[in-house]
Amino acid sequence: ILSISSEFQFCMHACGSIYNLMFTNTLEALEYWYNRGIKLFEVDISDAGNGKFVACHDFTKKTFGKMEIEELPDQCTYEWFIKQKLFNKTTNGLTPLTLETIFQLLSKYKDVIFMIDPKVYSYDEVCSLLFAIKYFIDKFDIEGERIIFETYTEDMILATREYKGVVQYQFCVED
């Protein structure tokens, strides 16, 4: 496992920029930077409903418009989102990531660390996300130390107590 305390590390925010696009949270951005030696990636994780999570800063129609998705259904679901090609006007279309895909990548790239920036904040939502993370850790036989989970609120910190030792936690402090 890459020791992030032994030397200076670059971390690609939202999987890094690609095709002059920032914050894409896409497979192509991750693979682009991985192939250039980056091993630490931050990824935004949003709740797409029904206990399923995707790499997206905000799972909203406004955000989907910024991702150049033009045809939006009345209800945007996990199943709908994973079939989309993102930024298809600017690029040939980029592949969205899911929480499961992230763990498949952790299984494929044994030297990668993911910093998860959860876009859920309540105690119940965070517990649901951590439950899913634990499920994928077990399913893909991943070392939990390869995941850094960011927390911002008291509810988030309380939820981490339910999942001690599952992943590494980063406690972010505001003024």
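Our structure's up above, just so we're on the same page.
If you're wondering where the values come from, they're calculated on a predicted model, not measured in any experiment.

Peer 1: Which residues make up the overall build of the chain, and what values do they have?
Peer 2: Check the secondary structure of the chain and you find six helices and six strands. Each helix and strand of the chain, placed in order from N terminus to C terminus, yields the pattern β-α-β-β-α-α-α-β-α-β-α-β. Compactness check: the chain gives a C-alpha radius of gyration of 16 Å against a globular reference of 16 Å for 175 residues, within 12% of the reference. Seen along its three principal axes, the alpha-carbon backbone of the chain occupies a region of about 40 × 40 × 35 Å. At a minimum sequence separation of 6, the contacts of the chain that also span at least 24 residues come to 57%. With an accessible surface of roughly 9,400 Å², the chain has 49% of that area assigned to carbon and sulfur atoms. A gap of 5 Å separates the mean positions of the 17 positive and 27 negative side-chain charges of the chain.

Peer 1: Give a detailed account of the layout of surface pockets, specifying residues and quantitative values.
Peer 2: Approximately 300 Å³ is the volume found for the largest pocket. Looking at the lining of the largest pocket, its residues break down into five nonpolar, six polar and three charged. For the second largest pocket, the full set of lining residues is Gly51, Lys52, Phe53, Tyr78, Thr98, Leu99, Glu100, Ser128, Phe131, Ala132, Tyr135 and Phe136. Broken down by secondary-structure element, the contributors of at least two residues to the lining of the second largest pocket are strand S3 (52-55), helix H4 (99-108) and helix H5 (123-140). Looking at the lining of the second largest pocket element by element, the count peaks at five residues for H5. Within the lining of the second largest pocket, the residues separate by chemical class into seven nonpolar, three polar and two charged.

Peer 1: Summarise a negative patch on the surface; cite the residues concerned and give the values.
Peer 2: A cluster of acidic side chains, namely Asp47, Asp124, Glu125, Glu154 and Asp155, defines a negative patch on the protein surface. Relative to the elements of secondary structure, Asp47 occurs in strand S2 (residues 40-49). We classify Asp47 as partly exposed; its relative accessible area is 31%.

Peer 1: Give me the lowdown on the packing of aromatic side chains, citing residues and values where you can.
Peer 2: Scanning the model with the defined rule gives 13 aromatic pairs in all. For the ring pair Phe64 and Trp80, a centre distance of 5.1 Å and an interplane angle of 65° mean the geometry is edge-to-face. On the criterion of sequence distance, the pair formed by Phe64 in helix H2 (residues 61-66) and Trp80 in helix H3 (residues 78-82) is long-range, its members being 16 residues apart. Trp80 shares its class with Phe64; the two are buried. Considering the side-chain rings of Phe64 and Phe81, the 5.7 Å spacing of their centres and the 35° angle between planes classify their relative orientation as tilted.

Calculation notes
- Residues numbered from 1 in each chain as written.
- Predicted model: local features only at pLDDT ≥ 70, side-chain atom pairs only at ≥ 80, totals over all residues.
- Heavy atoms only, no water.
- Helix = DSSP H or I, 4+ residues; strand = E, 2+ residues; numbered from the N terminus.
- Rg over C-alpha atoms; globule rule 2.2 N^0.38 Å.
- Contact = heavy atoms within 4.5 Å.
- Areas by Shrake-Rupley, 256 points an atom, 1.4 Å probe, with all protein chains shown as cover.
- Lys, Arg positive; Asp, Glu negative; His and termini not counted.
- Charge placed at Lys NZ, Arg CZ, Asp CG, Glu CD.
- 1 Å grid on protein atoms, 1.4 Å probe; cavity = no way out; pocket = protein on both sides within 12 Å on 5 of 7 lines; lining within 4 Å.
- Points joined across faces, edges and corners; volume = space filled by probe spheres on them.
- Nonpolar A, V, L, I, M, F, W, Y, C, P; charged D, E, K, R; others polar.
- Patch = residues over 30% accessible without salt bridge, like charges linked within 9 Å, V, L, I, M, F, W, Y side chains within 5 Å.
- Salt bridge = Lys/Arg side-chain N within 4 Å of Asp/Glu carboxyl O.
- Buried < 20%, exposed > 50% of the residue type's maximum accessible area, 1.4 Å probe, protein only.
- Phe/Tyr/Trp six-rings, centres within 6.5 Å; stacked < 30°, edge-to-face > 60°.

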